[in-house]
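Here are the chains, one letter per residue:
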Amino acid sequence: MIDMPFNPVERAEETERLVMQGGQRKYYRFRAAPYYGGIATADAVGCCFLCAFCWNYFKIITPQKYGKFYTPREVSGRLLGIARKRRFRLCRITGCEPILGESSMVHIVKVITGVLEKERALRFVLETNGLFLGLQPDFISRLKVPKLSVRVAVKGWDEPSFRHITGADEKYFEYPLLGLKRMIEEGLDAWPAVMWDTFGESGIQKLKTRLVDMGIDSDIEIEGLEKYPYVLENIVSRKVEILDRPGRP
Ligand code: SF4
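Residues numbered from 1 in each chain as written. Predicted model: local features only at pLDDT ≥ 70, side-chain atom pairs only at ≥ 80, totals over all residues. Heavy atoms only, no water.

### Considerations on the site of the ligand
Part 1: Neighbouring the ligand are C47, F49, L50, C51, C54, C96, N129 and K155.
Part 2: Of the residues belonging to the shell around the ligand, the class tally is 6 nonpolar, 1 polar and 1 charged. (Near = heavy atom within 4 Å. Nonpolar A, V, L, I, M, F, W, Y, C, P; charged D, E, K, R; others polar.)

See the structure below:
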């Protein structure tokens, strides 16, 4: 059991020790995924949050049990192979938080540049919870890579909702937004994404207000909950409210 709320920075340090080894990171799958109209996807393990609705919950709790270590070159090679075979224009890493500290940051930048330098027609979508981009602004300069887009999955519309959804101490709520703000200011292609089923229209409006108050001018991408049975069980046990989205089963 993980006591909540936890310090996500300490959790990141512990997780990075488990999922990084000599510049290699743990991955458990490489695949062609249907999202964004088709995207070459590498699934890694390990995160500093523990979101109630995480579709990779078990691999997030015990990343040491899953996957094996790959070098950045092996990961970019796998992604390139899938993208070329399927004629995709996009690549990503998912199932994890790619940035947990210095070692994982070095790894992900090598993966991204390894893909984009070999195949100029491709775009890389970096999916992140954004925590370390707010905590360590120097990381942002390393993401100034042509054809890189950064999607920041925002986990709450205020401090209490962030704590409730992620299990992390609420004082870390603003860091992903600060990282997003700085990326936009520095000209990176970056935007926020939220889960409609936990935010609802009211949460989205509150986040929009918060973004405007912080000087962040961006559209918000809306995603829907993957209603796997274990996801629904976790949500019930964590007492997170799931809203009915009009027009969606
Ligand atoms: S931030 Fe993403 S990977 Fe991490 S626990 Fe939340 S949903 Fe899962």
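### Brief notes about the side chain of R31
Part 1: Tracing the backbone shows R31 in strand β2 (residues 24-33).
Part 2: Of the polar contacts made by the side chain of R31, one reaches the side chain of D43; its length is 2.6 Å.
Part 3: Not counting residues within four places of it along the chain, the set of residues in contact with R31 comprises I39, A40, T41, D43, W55, I82, R92 and T94. (Helix = DSSP H or I, 4+ residues; strand = E, 2+ residues; numbered from the N terminus. Polar contact = N/O pair within 3.5 Å; in protein donor to acceptor, adjacent residues only side chain to side chain. Contact = heavy atoms within 4.5 Å.)

### Things to note about the pattern of salt bridges
Part 1: Across all of its chains, the model carries 15 salt bridges by this definition.
Part 2: Of the charged contacts, one joins E127 and R92 as a salt bridge, the two residues approaching to 3.2 Å between their closest N and O atoms. You can see E127 sitting in strand β6 (residues 123-128) and its partner R92 sitting in strand β5 (residues 90-94), a full 35 residues away along the chain.
Part 3: Residue classification places R92 among the buried positions, given a relative accessible area of 5%.
Part 4: As a salt-bridge pair, E102 and R142 come within 2.8 Å of each other at their nearest N and O atoms. Here E102 is found in helix α4 (residues 102-116), whereas its partner R142 is found in the loop between α6 (138-141) and β7 (148-153), with 40 residues between them in sequence.
Part 5: Residue classification places E102 among the partly exposed residues on the basis of a relative accessible area of 42%.
Part 6: Note on R142: relative accessible area 28%, which makes it partly exposed.
Part 7: Among the charged side chains, a salt-bridge network with shared partners connects R29, R31 and D43. (Salt bridge = Lys/Arg side-chain N within 4 Å of Asp/Glu carboxyl O. Buried < 20%, exposed > 50% of the residue type's maximum accessible area, 1.4 Å probe, protein only.)

### A closer look at unusual backbone geometry
Part 1: Note the cis peptide between M4 and P5, where omega equals -5°.
Part 2: By secondary structure assignment, the location of P5 is in the segment before α1 (8-19).
Part 3: One non-glycine residue, Y36, adopts positive backbone phi at about 55°.
Part 4: Take Y36: it is sitting in the loop between β2 and β3 (39-44).
Part 5: If you check the backbone angles, R87 has positive phi at about 55° while not being a glycine.
Part 6: Within the element layout of this structure, R87 appears in the loop between α3 (72-86) and β5.
Part 7: With relative accessibility at 74%, the residue R87 sits in the exposed group.

### Focus on the nonpolar core
Part 1: The biggest cluster of nonpolar side chains holds 78 residues, and the ones touching the most others in it are Y27, L79, I93, F124, V150 and L207.
Part 2: Here the element with the most residues in this core is α4; it accounts for 7 residues.
Part 3: Non-local contacts of L207, meaning those with residues more than four positions away in its chain, are made with V154, G156, W157, L177, V194, F199 and I220. (Core = buried A, V, L, I, M, F, W, Y, C linked by side-chain atoms within 4.5 Å.)

### Side note on the packing of helix α8 (residues 174-185) against helix α9 (residues 196-213)
Part 1: Closest axis-to-axis distance for the α8/α9 pair is 11 Å, and the angle between their directions is 55°. As summarised for this structure, α8 and α9 are arranged oblique, according to the angle between their axes. When the axes of α8 and α9 are compared, the crossing they make is right-handed. Along the contact surface, α8 presents E174, L177 and L180, while α9 presents L207, R210 and L211.
Part 2: Grouping the constituent residues of the contact of α8 with α9 by class yields 4 nonpolar, no polar and 2 charged. (Axes fitted to C-alpha atoms, helices over the stretch in contact; angles between N-to-C directions. Parallel < 35°, antiparallel > 145°, perpendicular 65-115°, else oblique. Left-handed = near helix turned anticlockwise from the far one by under 90°.)

### Details of the environment of K85
Part 1: Mapped onto the fold, K85 is located in helix α3.
Part 2: K85 gets classed as exposed once you look at its relative accessible area, which sits at 72%.
Part 3: Spatially, the C-alpha atoms of K85 and K239 are 43 Å apart, while their sequence positions differ by 154 residues.

### Observations regarding the packing of aromatic side chains
Part 1: Counting across every chain of the model gives 10 aromatic pairs.
Part 2: Ring geometry for F30 versus Y70: centroids 5.0 Å apart, planes at 75°, classification edge-to-face. In this pair, F30 sits in strand β2 while Y70 sits in strand β4 (residues 68-70), placing the two residues 40 residues apart along the sequence.
Part 3: A residue is classified by how much of its surface remains accessible, and F30, at 16% relative accessible area, is buried.
Part 4: Relative accessible area serves as the criterion here: at 10%, Y70 is assigned to the buried category.
Part 5: Ring centres of F58 and Y230 lie 5.5 Å apart, and the angle between their planes is 45°; on these two criteria the pair is classed as tilted. Taken together, the positions of F58 in helix α2 (residues 57-61) and Y230 in helix α10 (residues 229-237) put the pair 172 residues apart, joining distant regions of the chain.
Part 6: A residue is classified by how much of its surface remains accessible, and F58, at 45% relative accessible area, is partly exposed.
Part 7: Counting every residue linked through ring pairs, the aromatic cluster contains Y57, F58, Y228 and Y230.
Part 8: Looking at R11, its charged tip hangs above the ring of F6, at a distance of 5.4 Å from the centre.
Part 9: Cation over ring: K59 sits above Y66, and NZ or CZ is 5.0 Å from the ring centre. (Phe/Tyr/Trp six-rings, centres within 6.5 Å; stacked < 30°, edge-to-face > 60°. Lys NZ or Arg CZ within 6 Å of the ring centre and 35° of its normal.)

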